[in-house]
Amino acid sequence: MLSQPSGTPFHWLLDGGIVGLYLLVTMAAGIAMRRYVGKLEDYLVAGREMNLHLGIASLAATEFGIITCMYTAQAGYTQGFSGAMPGICQAVAMALIGWTGFCIKPLRQAGAMTLPEMFEKRFGRKVRWLSGMVIVMGGLLNMGVFLQIGGKFLCSVAGFDLSNLTLIMTALLLMVVIYTVLGGMLSVLVTDFLQFVVMSAGLLVVSVLILKNIGWDTLVKTVQVNHGEGGFNPLANPSLGWPFLANQFIANAAAALTWQAVIVRILSAKDSDTSQRIYTRTSFFFVCRFLLPGIWGIAALATLGWTPLKQLTQEERLAMPVAVQEKIAGSAVGAPLAKLTPDEVSKLPAATQAKLSDASLLAMPAFLSSFLPIGLMGLLIAAMLAADMSTNSSYMLSWGSVIYNDILAPFRHTAWSDQRAILWNRCIVALIGLYLLVFGLFYQIEGNVWSYLLLTGSIYLSSMSVLLIACCYWKRANNWGAIGAILLGAAVPVAHLTLEKLPDTTAFAASIGKDLAGIAAFVGAALGMVIGSLLKPRSSRS
């Protein structure tokens, strides 16, 4: 049995029974869909027969995982109500795109199974292959931290020791890989519907309990005391401001247009009108997915306060000079190392730095572990497992479909049978699962989780959104411009992530910030498309 200190609220019989029942039903439903997978189109896009209500439930479930709950709660904890702005930006972008059909209508009408497949028709095979590589690189870097953060949440909220992290990560992964490998998109859609119901129940029950027992006035006062005006107005928050808002809207609009795990719902919808309605009717959910967990984060701050040193063992604290401990204890919420000099930071062991950096991320599950009674703890864990399983299954299938359909396309000189194609896709999904486990064990995020996800996503969001818009609406666009957009769009975020990891350039990368780096990626991609397309002589062919 997992090591668990006494006095934790997780009850193995009652809470464990609720979680076990949920897992049993979900696994049975997911595996049962294997019998309906006959063609590759069934496996990757559910035969293009997805209706409106299933599309809404599936998109909402996919875009809310444990990692979503964690980074949105972290935003509420460290930024107050201003932390919900990304959700508002995404909701506005989704509603506008769904209402107008901008890009997604021609995308669905093209009949492609992935974005690169559509790009080949306009820009050629080389662009299809290159865009597939960028999509997979950005997507896997983005998803690589999901298991680690999901495991940390479950350990913290249930009171398990973090030494169990590897075991929990492996168990989470195996459950999702089994039904995703067997049933593909059909399994994803069916389990998404079940997971949406459980996830929604957990979100609402916990939020109502917080508002009842802690109170709205207390939450507002906590934000005012700890964050001042910046907790309500992002423009008054020194860590946010106009670059933050601009990057949020641009990146979230690009994600609505090109994020493979999102647009697979467009590609799976039975027609373009259904795909547009899925966007408009799901849009408000994106406000809720930031606001509700954000309230949980604010409640954690109101209840637990900001005590980063509690993340450390007594031995780790005693190994630190008293002056360093005082600086960490008096630091701003979410920035435990901000007051330390570079020399003081360098003398802290890497493990200590990692624990301190996780203080704001783990505050919400630590709060819930002492806030929820037995029974509701089981419902919460079932809800979070539902959220995480739907996200992981859809993302693995999304990146796997691009690897098979676009990156491996040049190596298929003859058409493959559906059975052979499905077998290859299953192997690819399994290998992605193995990568996620290894990456999650070793990679440590620098700073805010949402900023990391947005920056890694911009590796391909910047260039793919520019390619899609140009493909749909600019007649002069050509393969020179497409290649320029892909290279320049990926270069900026990759360079920034590299600079963050090099000791000599960490401070320089921090001075630029992830928001400006993200905006620069979109500007670079747009310039690459325009300049490259105009440089190519009109008489040349792609």
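Scroll up for the structure.
**Re the overall build of the protein chain**
Then step 1. Each helix and strand counted, the protein chain has 26 helices and zero strands in total.
Then step 2. The globule rule puts the C-alpha radius of gyration for 542 residues at 24 Å, and the 23 Å found for the protein chain is close to it.
Then step 3. Dimensions of the protein chain along its principal axes, counting C-alpha atoms only, are 70 × 50 × 40 Å.
Then step 4. Residues counted as buried form 60% of the 542 residues belonging to the protein chain.
Then step 5. For the protein chain, contacts bridging at least 24 residues in sequence account for 84% of all contacts bridging at least 6.
Then step 6. Of the roughly 21300 Å² that the protein chain leaves accessible, carbon and sulfur atoms contribute 67%.
Then step 7. Positive and negative side-chain charges of the protein chain, numbering 35 and 26 respectively, have mean locations separated by a distance of 11 Å.

**Looking at the packing of aromatic side chains**
Then step 1. Tallied over the entire structure, the rule returns 13 aromatic pairs.
Then step 2. When the ring of Trp259 is compared with that of Tyr460, the centres are 5.3 Å apart and the planes differ by 5°; the resulting orientation is stacked. Of this pair, Trp259 sits in the loop between helix H12 (241-258) and helix H13 (260-268) while Tyr460 is found in helix H23 (residues 449-473), placing the two residues 201 residues apart along the sequence.
Then step 3. Taking the centre distance of 6.0 Å and the plane angle of 85° together, the rings of Tyr395 and Trp399 count as edge-to-face. A residue pair is termed a helical-turn pair when its members lie 3 or 4 positions apart in one helix, as Tyr395 and Trp399 do in helix H21 (residues 376-407) at four residues. Judged on exposure class, the residue Tyr395 and its partner Trp399 are both buried.

**Remarks on the environment of Leu431**
Then step 1. Tracing the chain through its elements places Leu431 in helix H22 (residues 418-442).
Then step 2. Using a relative accessible area of 57% as the deciding quantity, one classes Leu431 as exposed.
Then step 3. Through-space distance from the C-alpha of Leu431 to that of His11 is 35 Å; in sequence the pair is 420 residues apart.

**A closer look at the nonpolar core**
Then step 1. Core analysis: the biggest nonpolar cluster contains 159 residues, and Ile210, Trp296, Leu368, Leu380 and Leu467 have the highest contact counts within it.
Then step 2. Of all the elements, helix H10 (residues 165-213) adds the most residues to this core, at 19 residues.
Then step 3. The next biggest cluster of nonpolar side chains, apart from the first, holds nine residues, and it includes Val324, Ile328, Leu337 and Leu348.

What counts and how
Residues numbered from 1 in each chain as written. Predicted model: local features only at pLDDT ≥ 70, side-chain atom pairs only at ≥ 80, totals over all residues. Heavy atoms only, no water. Helix = DSSP H or I, 4+ residues; strand = E, 2+ residues; numbered from the N terminus. Rg over C-alpha atoms; globule rule 2.2 N^0.38 Å. Buried < 20%, exposed > 50% of the residue type's maximum accessible area, 1.4 Å probe, protein only. Contact = heavy atoms within 4.5 Å. Areas by Shrake-Rupley, 256 points an atom, 1.4 Å probe, with all protein chains shown as cover. Lys, Arg positive; Asp, Glu negative; His and termini not counted. Charge placed at Lys NZ, Arg CZ, Asp CG, Glu CD. Phe/Tyr/Trp six-rings, centres within 6.5 Å; stacked < 30°, edge-to-face > 60°. Core = buried A, V, L, I, M, F, W, Y, C linked by side-chain atoms within 4.5 Å.

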